Amino acid sequence: VNTLVWKCLGYRFDPEKESWSPDEVFPKWKERFPDPPDFIGMRRVYSQDVDGPSLRSNQALVRSIPSEYKQSLKPTLKPLGFNGFKLNQLTPN
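The sections below set out a description of the structure shown in this document. Quick caveat, the model's predicted, so the values are computed rather than measured. (Residues numbered from 1 in each chain as written. Predicted model: local features only at pLDDT ≥ 70, side-chain atom pairs only at ≥ 80, totals over all residues. Heavy atoms only, no water.)

**Observations concerning the overall build of the protein chain**
What counts is decided by this rule: Numbering goes from the N terminus for both helices and strands, where a helix is a DSSP run of H or I of at least four residues and a strand is a run of E of at least two. Burial classes: relative accessible area under 20% of the type maximum marks a residue as buried, over 50% as exposed, and values in between as partly exposed (1.4 Å probe, protein chains only). Note on definitions: a residue-residue contact is assigned when non-hydrogen atoms from the two residues lie within 4.5 Å. Only the protein chains shown count as cover for residues, and the accessible areas themselves come from Shrake-Rupley with a 1.4 Å probe.
Tallying secondary structure elements over the protein chain gives four helices and two strands in all. Moving toward the C terminus, one meets the helices and strands of the protein chain in the order α-β-β-α-α-α. With 93 residues in all, the protein chain has 23% of them scored as buried. Across the protein chain, contacts joining residues at least 24 apart in sequence account for 42% of those joining residues at least 6 apart. As displayed, the protein chain offers around 7700 Å² of accessible surface, 58% of which is attributable to carbon and sulfur atoms.

This is the structure:
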């Protein structure tokens, strides 16, 4: 998932250097995240210093989406019987 999001944000993988470059990343995003952030945080260590960077990068990504594009799946999925998630259906990381 991280790789897919990084590509969509404009990060490009350089196979020779075996690293990601922010060459095509939007300027404000590149300024805040010069290296591609970890959006998933799959470390299984639940502390603020470990989860904090993933949380902040997720929050920044959500804030970057215009409000008219948020919640757009609800009207599409509601006629198909989707009424949202219940708290017991969600799990951490």
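**Quick word on the pattern of salt bridges**
Rule in force here: Any carboxyl oxygen of Asp or Glu within 4 Å of a side-chain nitrogen of Lys or Arg constitutes a salt bridge here.
On inspection of all chains with the given rule, the structure shows one salt bridge. A salt bridge links Glu24 to Arg12, with the nearest nitrogen and oxygen atoms 3.2 Å apart. Here Arg12 lies in strand S1 (residues 12–14) and Glu24 lies in the loop between strand S2 (19–21) and helix H2 (27–32), a separation of 12 residues in the sequence.

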